[in-house]
Amino acid sequence: MNTTPAPTAPRDPNAPPSPFSDQLKELLEALECLYIRNNTSGRRGFSQKWPHAAPYVFDEELTAFDAQGVESDDHRARRKELEKEAEKRRDELIEFLETLEAKSVHDGMLQVEFVRDIMMRYRRDMLLYLYAVHIVDKFVPPPPVPQAESEEAQGQV
């Protein structure tokens, strides 16, 4: 059995840059492989690898249970409910990501209204998992660099 990945065609240097993040497919795969119920370590691993996507899947209360454990049968029952809700959010996110490229670009043209709606729905760090930096920057500019860091980057300190 050959486990070597299939070679990919080299990217045309004259082609415009992709509007999508290099991490998009990997995020989708991670979500598809993520088993949520009774899988604290899986949720923790996903949260470590995808810290900006995790809040869109896991409720803060579920994350707290994962960090602190459960102390009672009531907590266990509540965690079970939260796991079901997280699975539903994961499934919805997978469905969204599976159609993102097709809905974002039609006939080589970026669908600005659709992309703008996505930019309003997610935080910048999550958007960088979905779209390339040059696209995210057009809709959600990066936060300003503090003065000390800016001067240091320019070698003026």
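Right above here is the structure, for reference.
Residues numbered from 1 in each chain as written. Predicted model: local features only at pLDDT ≥ 70, side-chain atom pairs only at ≥ 80, totals over all residues. Heavy atoms only, no water.

Draft legend 1. Structural view of the overall build of the protein. In terms of regular secondary structure, the protein is built from eight helices and two strands. If you list the helices and strands of the protein from N to C, you get α-α-α-α-β-β-α-α-α-α. Taking all 157 residues of the protein together, the buried fraction comes to 29%. Of the contacts made within the protein by residues no fewer than 6 positions apart, 56% connect residues no fewer than 24 positions apart. Accessible surface for the protein amounts to roughly 10,900 Å². Of this, 51% is attributable to carbon and sulfur atoms. (Helix = DSSP H or I, 4+ residues; strand = E, 2+ residues; numbered from the N terminus. Buried < 20%, exposed > 50% of the residue type's maximum accessible area, 1.4 Å probe, protein only. Contact = heavy atoms within 4.5 Å. Areas by Shrake-Rupley, 256 points an atom, 1.4 Å probe, with all protein chains shown as cover.)

Draft legend 2. Highlighting the side chain of Arg90. Assignment of secondary structure puts Arg90 in helix H4 (residues 73-104). Ignoring any residue separated from it by four or fewer positions in sequence, one finds Arg90 in contact with Leu31, Leu34, Tyr35, Ile36 and Val57.

Draft legend 3. Spotlight on the packing of aromatic side chains. Throughout the structure, instances matching the rule amount to five aromatic pairs. On the numbers, 5.7 Å between centres and 25° between planes, the contact of Phe20 with Tyr131 is stacked. Separated by 111 residues along the polypeptide, Phe20 in the segment before helix H1 (24-33) and Tyr131 in the loop between helix H6 (124-130) and helix H7 (133-139) bring together distant segments of the chain. Tyr131 shares its class with Phe20; the two are buried. One aromatic cluster is present, built from ring pairs that chain together Tyr56, Phe96 and Tyr122. (Phe/Tyr/Trp six-rings, centres within 6.5 Å; stacked < 30°, edge-to-face > 60°.)

Draft legend 4. Inspection of the nonpolar core at higher detail. Grouped together as the largest cluster of nonpolar side chains are 34 residues, with contacts concentrated most on Leu27, Leu97, Leu130 and Tyr131. Of all the secondary structure elements, the ones that give two or more residues to this core are H1, helix H3 (60-68), H4, helix H5 (112-121), H6 and H7. No other element matches H4, which puts seven residues into this core. Contact partners of Leu130, with chain neighbours within four places excluded, come to Phe20, Ser21, Leu24, Leu27, Phe96, Leu97, Leu100, Ile118 and Tyr122. (Core = buried A, V, L, I, M, F, W, Y, C linked by side-chain atoms within 4.5 Å.)

Draft legend 5. Inspection of H5 at higher detail. Within H5, burial applies to Val115, Ile118 and Met119. Around the axis of H5, the buried residues are gathered within 100° of arc, so they sit on the same side. Residues Glu113 and Met120 are exposed on H5 and point more than 90 degrees away from its buried face. Contacts made by the buried residues of H5 are with H4, strand S2 (109-110), H6 and H7. (Arc of directions from axis to C-beta.)

Draft legend 6. The packing of H1 against H4, seen in detail. As a packed pair, H1 and H4 sit with axes 10 Å apart at the nearest point and diverge in direction by 150°. Viewed along their axes, H1 and H4 adopt a mutual orientation that is roughly antiparallel. With respect to the hand of their crossing, H1 and H4 are arranged in left-handed fashion. Where H1 abuts H4, its residues Leu24, Lys25, Leu27, Leu28, Leu31 and Glu32 lie against Arg90, Leu93, Ile94, Leu97, Glu98, Leu100 and Glu101. Split by residue class, the contact of H1 with H4 holds eight nonpolar, no polar and five charged. (Axes fitted to C-alpha atoms, helices over the stretch in contact; angles between N-to-C directions. Parallel < 35°, antiparallel > 145°, perpendicular 65-115°, else oblique. Left-handed = near helix turned anticlockwise from the far one by under 90°. Nonpolar A, V, L, I, M, F, W, Y, C, P; charged D, E, K, R; others polar.)

Draft legend 7. Inspection of unusual backbone geometry at higher detail. Located in the positive-phi region is Asn38, a residue other than glycine, with phi close to 55°. Secondary-structure assignment places Asn38 in the loop between H1 and helix H2 (40-49).

Draft legend 8. Main features of the environment of Thr63. Position of Thr63 among the secondary structure elements: in helix H3. Distance in space between the C-alpha atoms of Thr63 and Ser47 is 9.1 Å, their sequence separation being 16 residues.

Such coordinate-based values are descriptive only and should not be taken to indicate function.
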